[in-house]
Amino acid sequence: MRIILFGPPGVGKGTQAKILSRELGIVHIASGDILRAAIANGTGLGKKAKTFMDRGELVPDDVVIGIIQERLKEADAGDGFILDGFPRTLPQAEALDKVFKKSGIKVDKVVSMEVDRDILLKRLTSRRVCRSCGAIFNLSVDKIEDSKCPKCGGELYQRDDDREETILRRFEVYINQTKPVKNFYALKKLLVEVDGIGEIRDVTKRLNAALRP
Ligand code: AMP
């Protein structure tokens with residue numbers, strides 16, 4: 001299957017993409033994770049991306065499009081993928097469309113996860129991520145002791161862009177630059193909307209139902 005997971009910051013794309021990737025046996029490709037790995041490795045790309053990410057702005061289209069194009073060429077993406085956080089602008093969606101047309105690839109579904117803004121703000125300010133295994137937790141839901149990952153014991157940290165003022169900027173960017181992408185896929189009859197509120201396993205069930213042909 002080839003799936004694009006779409007939605008505002010904090011809607012749960014990363015959490016659900018990890019589960020679906022495991023269940024469906026397809027690779028999870030997250031533009032944000034690739035950029036954070038570049039930052040952690042101190043590459044030129046990472047340094048450039050960090051200045052945008054820390055302000056809650058989008059990394060320029062040409063940079064992100066290049067990264068995703070390269071990632072999609074890797075062998076593990078040949079059997080299907082779940083794209084998370086890309087495309088985030090109309091030029092990105094159009095570029096992806098071109099790449100797919102050229103290689104005869106068809107996207108099965110674009111799933112848009114929907115959650116109210118107030119809930120998103122609360123989720124994002126209490127989000128913590130494991131530096132070792134990448135698992136995502138929520139301080140108001142999960143039992144977290146000593147800032148240690150309950151899965152692997154790694155160190156939990158708060159993403160630099162999960163501070164309140166940056167989150168508010170990310171919401172603005174979502175409305176102005178990312179939301180139009182929804183209509184792009186609605187016009188192609190690929191879009192399905194899924195309620196992202198509730199327990200993680202309930203949302204996964206809804207996503208699985210939405211992904212059935
Ligand atoms: P995420 O982990 O998806 O929330 O992304 C974190 C940050 O990475 C975003 O706020 C952007 O600064 C940057 N980013 C991730 N994906 C993209 C993209 N497709 N286009 C531009 N910037 C991106």
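Residues numbered from 1 in each chain as written. Predicted model: local features only at pLDDT ≥ 70, side-chain atom pairs only at ≥ 80, totals over all residues. Heavy atoms only, no water.

1. Focus on the environment of glutamate 114
- Here glutamate 114 shows up in strand 4 (residues 109–114).
- A relative accessible area of 28% means that glutamate 114 is categorised as partly exposed.
- On a C-alpha basis, the gap between glutamate 114 and phenylalanine 6 in space is 9.0 Å, while along the polypeptide they are 108 residues apart.
- In this structure, glutamate 114 is in contact with Val11, Lys182, Glu193, Val194, Asp195, Gly196 and Ile197, ignoring residues within four places of it in sequence.
- Of note is the side chain of glutamate 114, whose polar atom sits 2.6 Å from the side chain of serine 112.
- A polar atom in the side chain of glutamate 114 sits 2.9 Å from the side chain of lysine 182. (Helix = DSSP H or I, 4+ residues; strand = E, 2+ residues; numbered from the N terminus. Buried < 20%, exposed > 50% of the residue type's maximum accessible area, 1.4 Å probe, protein only. Contact = heavy atoms within 4.5 Å. Polar contact = N/O pair within 3.5 Å; in protein donor to acceptor, adjacent residues only side chain to side chain.)

2. Describing the layout of surface pockets
- Counted as a void, the second largest pocket has a volume near 220 Å³.
- Every residue lining the second largest pocket is listed: Ala93, Leu96, Asp97, Phe100, Lys101, Gly104, Ile105, Lys106, Val107, Tyr185, Lys188 and Leu190.
- Examining the composition of the lining of the second largest pocket, we find that five residues originate from one element, helix 5 (residues 90–102), more than from any other.
- Residue composition of the lining of the second largest pocket, grouped by class: seven nonpolar, one polar and four charged. (1 Å grid on protein atoms, 1.4 Å probe; cavity = no way out; pocket = protein on both sides within 12 Å on 5 of 7 lines; lining within 4 Å. Points joined across faces, edges and corners; volume = space filled by probe spheres on them. Nonpolar A, V, L, I, M, F, W, Y, C, P; charged D, E, K, R; others polar.)

3. Regarding unusual backbone geometry
- With an omega of 0°, the peptide bond between phenylalanine 86 and proline 87 qualifies as cis.
- Inspection of the secondary structure puts proline 87 in the loop between strand 3 (81–84) and helix 5.
- The backbone phi angle of serine 147 is positive, close to 50°, even though this residue is not glycine.
- Tracing the sequence through the fold places serine 147 in the loop between strand 6 (136–138) and strand 7 (156–157).
- Owing to a relative accessible area of 45%, serine 147 belongs among the partly exposed residues under this scheme.
- Of note, the phi angle at lysine 189 is positive, near 60°, even though the residue is not glycine.

4. Describing the site of the ligand
- The environment of the ligand is made up of 16 residues, and the closest members are Ser31, Arg36, Glu57, Gly85 and Gln92.
- One nitrogen or oxygen atom from the side chain of arginine 36 is found 2.9 Å from an oxygen atom belonging to the ligand.
- Backbone polar atom of valine 59 to a nitrogen atom of the ligand: 3.0 Å apart, as the coordinates give it.
- The protein chains hide 95% of the 480 Å² of surface that the ligand would expose on its own.
- By residue number, the principal contributor to the shell around the ligand is helix 2 (residues 31–40), which donates four residues.
- The residue inventory of the shell around the ligand, partitioned by class, reads six nonpolar, four polar and six charged. (Near = heavy atom within 4 Å. Areas by Shrake-Rupley, 256 points an atom, 1.4 Å probe, with all protein chains shown as cover.)

5. Concerning the pairing of strand 4
- Burial analysis of strand 4 places five of its six residues in the buried class, the great majority of the element.
- Of the pairings in the sheet, the one linking strand 1 (residues 2–6) to strand 4 comprises four bridges and is parallel in character. Opposite isoleucine 3, over in strand 4, you have lysine 109 as the bridge partner.
- As judged from the five bridges shared by strand 4 and strand 8 (residues 191–195), these two strands associate in the parallel manner. In the strand pairing of strand 8, valine 111 is matched with valine 192. (Pairing = 2+ DSSP bridges.)

6. Observations regarding the sheet that holds strand 3
- One open sheet accounts for five strands, arranged 2-3-1-4-8; its pairing is parallel. The open sheet is flanked by strand 2 (27–30) and strand 8, the only strands paired with a single partner. This sheet shows a mean twist of 25° between the axes of neighbouring strands, independent of strand direction.
- In the sheet, strand 1 pairs with strand 3 via four bridges, with the strands oriented parallel. Among the inter-strand pairings, isoleucine 3 is bridged to a residue of strand 3, identified as isoleucine 82. (Axes fitted to C-alpha atoms, helices over the stretch in contact; angles between N-to-C directions.)

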